[in-house]
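Results of the structural survey
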Amino acid sequence: MGIKAALPRYELYLYSAVLAGALIWAGSWIFEASSDNVNRKAFKESVKPGWHYFGRKMDVADFEWMMWFSTFRNHILFALTGHVIFAKIFTLLAPKIGIDGCKHRPLIFAAYGGIAVLVTMGWTFMTLVVSHCIILYSVALVKKKWMCFAAGLSTLASIKLEPYNSWQEALVTGSFDLQDILFYGGCGFSIMRCMSFALENCDRKEGNYTFSDLLKYNFYLPFFFFGPIMTFDRFHAQANNTQLTRKEREMWNITTKALLHLGVILVVDVFFHYLYILTIPSDMKLVNKLSDSCLAGLAYSNLVYDWIKAAVMFGVINTVATLDHLDPPQPPKCITMLYVFAETHFDRGINDWLCKYVYDYIGENHDKIFKELLATVCTFAVTTLWLGPCELVYIWSFFNCFGLNFELWVAKFFSIPPFSIMEGAMGEAMSRRIRGVFNAANFWAIVLYNVLSLNSLEFAKLVGRRIIFKGFPLSTLSVLLVTYCGVQLVKERERQQALLEDPDPVKPVDDGKEKAE
């Protein structure tokens, strides 16, 4: 089925109306549950005083969001602003002291980043990170990929598994609220960057990259603690580009995105005062009393929020990186736009890293069942280590690995006769509708498989049991119908984008009649 298969306009209008009505309906249930239970004892720790004049309390269950945009907002802004100002001052002063500012940009970025890390975390943490760099650089000189993987994954395991992680964390002196997050974030992302450097050095045909290249790459402050990961080949090429020019309206686009991120932060703040989507799932007694529509809305809204959080946090960092003339990994694709496991990710930097060095390297074209199985198993094995091995991560990895492979198995099965003949005989619009039914079921598999990592296994099991079993057939078919409408609207958006990229004369289908494309 071609991606440019069109549907009648009135059908798309109907899908839009159904989806909008369902979202308002589910939202009203969540709002009612939030307002009626605001003073529950279980909410005491995560629902705090908010807008006093409006009498609204605020959901503060997500420490990461509060850290970025409330508690430590000024500290983070100070560090990122200092990076921009430091780089700008050097750019202005460099010509006056006879230094090529463009040529030495990576060194200046690394110098500021190293100083900031040293001041924030202390010399023991800095020594630990540099020791990781030395180990992986030494292995990179051998130019054996299996050795780079072995050394890199072993080093990563040393900060993810007991007792090695506790021993290394104890080396970091001092005590402050962000210490654990900065320690594991800084060490984890540093090791992944070092592995990227080592693997790219293996692919270099002549000579080796220098240790200073690794330090310049690793200590770029905007990416250091929180990511995203930018593979070494891309960073090295862009950071060492001396032809620094701005595209037309680039500064306008940067300003627009910054204002957009600010607007999203304000919108999320408003929602947190009216919809306690993060706190409610933690109270299983309350969750058991909610309607099926409210549960489905809670599960979906939690994944949407997690995407918004990733998009905003990475968007802030990416704005700084763009000012430095870099092209960083873009924010993840919105969960609403996902109906296949192959495109599901919440961190595009990690996703790009895994695809480049593991998934695509082993799976190649991803059309052979055994190679795809091996590629996905290896990919999720590395992902499990990256996230930190525990029961919940094992379950999450297993189901997402299964979902990715199951998609290929189903696609292979339906590509053989008589199914392929049947699909070829029907119109493209009808083929799109039938595929949309399967995609709707797949969407909820993605939601259930991922909501367990955001909330809890108990909440995911309850949502699945209520929607699939206890709610059958009314709740099950209602949720699938709404999801089907959403999937078709996403497909329509993809169709329009495909037409912009390859503008063939495609006419819309009206009055239920299919017209040739």
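From a predicted model like this one, the values you see are computed outputs, not experimental measurements.

With respect to the overall build of the protein chain
Counting its secondary structure elements, the protein chain contains 21 helices and two strands. Taking 517 residues into account, the globule formula puts the C-alpha radius of gyration at 24 Å, and the protein chain, at 25 Å, falls close to it. Overall, the protein chain is about 70 × 55 × 50 Å in size when its C-alpha atoms are taken along their principal axes. The buried share among the 517 residues of the protein chain stands at 49%. A separation of at least 24 residues holds for 75% of the contacts in the protein chain among residues at least 6 apart in sequence. Roughly 26,200 Å² of accessible area belongs to the protein chain as shown, and the carbon and sulfur atoms make up 66% of that amount. Each charge class in the protein chain was averaged separately, 48 positive and 46 negative side chains, and the resulting centres sit 2 Å apart.

A few points about the nonpolar core
Grouped together as the largest cluster of nonpolar side chains are 126 residues, with contacts concentrated most on Trp65, Trp68, Phe125, Phe225, Ile280, Trp353 and Trp444. Of the residues forming this core, the biggest block, 15 residues, is contributed by helix α14 (residues 292-323). Look past the residues within four positions of Ile280 in its chain and what remains in contact with it is Ile30, Ala33, Ser34, Phe43, Leu286, Val287, Leu290 and Leu298. Ranked by size, the runner-up nonpolar core spans seven residues in total, among them Leu7, Leu12, Tyr15 and Cys485.

Concerning the side chain of Asn201
Inspection of the secondary structure puts Asn201 in helix α8 (residues 179-203). A distance of 3.0 Å separates polar atoms of two side chains, one belonging to Asn201 and the other to Asn208. In contact with Asn201, not counting residues within four places along its chain, are Ala140, Leu141, Lys143, Asn208 and Tyr209.

With respect to the domain arrangement of the protein chain
Domains assigned within the protein chain are domain 1 (9-46 + 259-311 + 329-500) and domain 2 (71-240). Between the C-alpha centres of domain 1 and domain 2 there is a distance of 33 Å. On the side of domain 2, 21 residues touch domain 1, which itself brings 15 residues to the contact. For the pair domain 1 and domain 2, the two sides together bury roughly 1,600 Å², of which 75% comes from carbon and sulfur.

With respect to the packing of aromatic side chains
A complete count under the given rule lists 41 aromatic pairs for this structure. A ring pair is formed by Tyr300 and Phe443, whose centres lie 6.3 Å apart and whose planes are at 45°; its orientation type is tilted. Taken as a pair, Tyr300 in helix α14 and Phe443 in helix α19 (residues 428-454) lie far apart in primary sequence, 143 residues in all. Relative to Phe414, the ring of Phe413 has its centre 5.3 Å away and its plane inclined at 85°; by these criteria the two rings are edge-to-face. Accessibility expressed as a relative area gives 32% for Phe414, which makes it partly exposed. Here the aromatic residues Phe109, Tyr137, Phe197, Tyr209, Phe211, Tyr217, Tyr220, Phe223, Phe232 and Phe235 are joined through ring pairs into a cluster of three or more.

With respect to the pairing of strand β1 (residues 47-51)
Pairing analysis gives four bridges linking β1 to strand β2 (residues 56-59), with the strands arranged antiparallel. Following the sheet pairing, Pro49 is matched in β2 by Lys57. The turn joining β1 and β2, which pair antiparallel and follow one another in sequence, is formed by four residues; a positive phi near 65° is taken by Gly55.

Observations concerning the confidence of the model for the protein chain
With 94% of its residues at a pLDDT of 70 or more, the protein chain has an overall mean of 87. The low-confidence segment residues 505-517, where pLDDT is below 50, has 27 contacts with residues more than four positions distant or belonging to other chains.

Focus on the UniProt feature "transmembrane region" (unreviewed entry) in the protein chain
The feature "transmembrane region" (unreviewed entry), as annotated in UniProt, sits at residues 12-31, 75-95, 107-137, 219-238, 258-279, 436-455 and 467-487 in this numbering. Secondary structure content for residues 219-238 is 55% helix and 0% strand, while the C-alpha to C-alpha distance between its ends is 15 Å. Taken end to end, residues 258-279 is 77% helix and 0% strand, and its first and last C-alpha atoms sit 29 Å apart.

Quick notes on a nonpolar patch on the surface
On the surface, a nonpolar cluster with roughly 630 Å² of combined accessible area is contributed by Ile369, Leu373, Val377, Phe398, Phe402, Phe406 and Trp409. Of all elements in the fold, only α16 (369-387) and α17 (391-414) reach the threshold of two or more residues within the nonpolar patch. The biggest single contributor to the nonpolar patch is α17, with four residues. Relative to the assigned elements, Phe406 resides in helix α17. Under the relative-accessibility criterion, Phe406 is labelled partly exposed at 41%.

So, how was this worked out
Residues numbered from 1 in each chain as written. Predicted model: local features only at pLDDT ≥ 70, side-chain atom pairs only at ≥ 80, totals over all residues. Heavy atoms only, no water. Helix = DSSP H or I, 4+ residues; strand = E, 2+ residues; numbered from the N terminus. Rg over C-alpha atoms; globule rule 2.2 N^0.38 Å. Buried < 20%, exposed > 50% of the residue type's maximum accessible area, 1.4 Å probe, protein only. Contact = heavy atoms within 4.5 Å. Areas by Shrake-Rupley, 256 points an atom, 1.4 Å probe, with all protein chains shown as cover. Lys, Arg positive; Asp, Glu negative; His and termini not counted. Charge placed at Lys NZ, Arg CZ, Asp CG, Glu CD. Core = buried A, V, L, I, M, F, W, Y, C linked by side-chain atoms within 4.5 Å. Polar contact = N/O pair within 3.5 Å; in protein donor to acceptor, adjacent residues only side chain to side chain. Domains from an automatic or database assignment. Buried area = accessible area lost by both parts, 1.4 Å probe. Phe/Tyr/Trp six-rings, centres within 6.5 Å; stacked < 30°, edge-to-face > 60°. Pairing = 2+ DSSP bridges. pLDDT = per-residue confidence, 0-100. UniProt positions renumbered as here; feature names shortened; annotations may be inferred. Patch = residues over 30% accessible without salt bridge, like charges linked within 9 Å, V, L, I, M, F, W, Y side chains within 5 Å. Salt bridge = Lys/Arg side-chain N within 4 Å of Asp/Glu carboxyl O.

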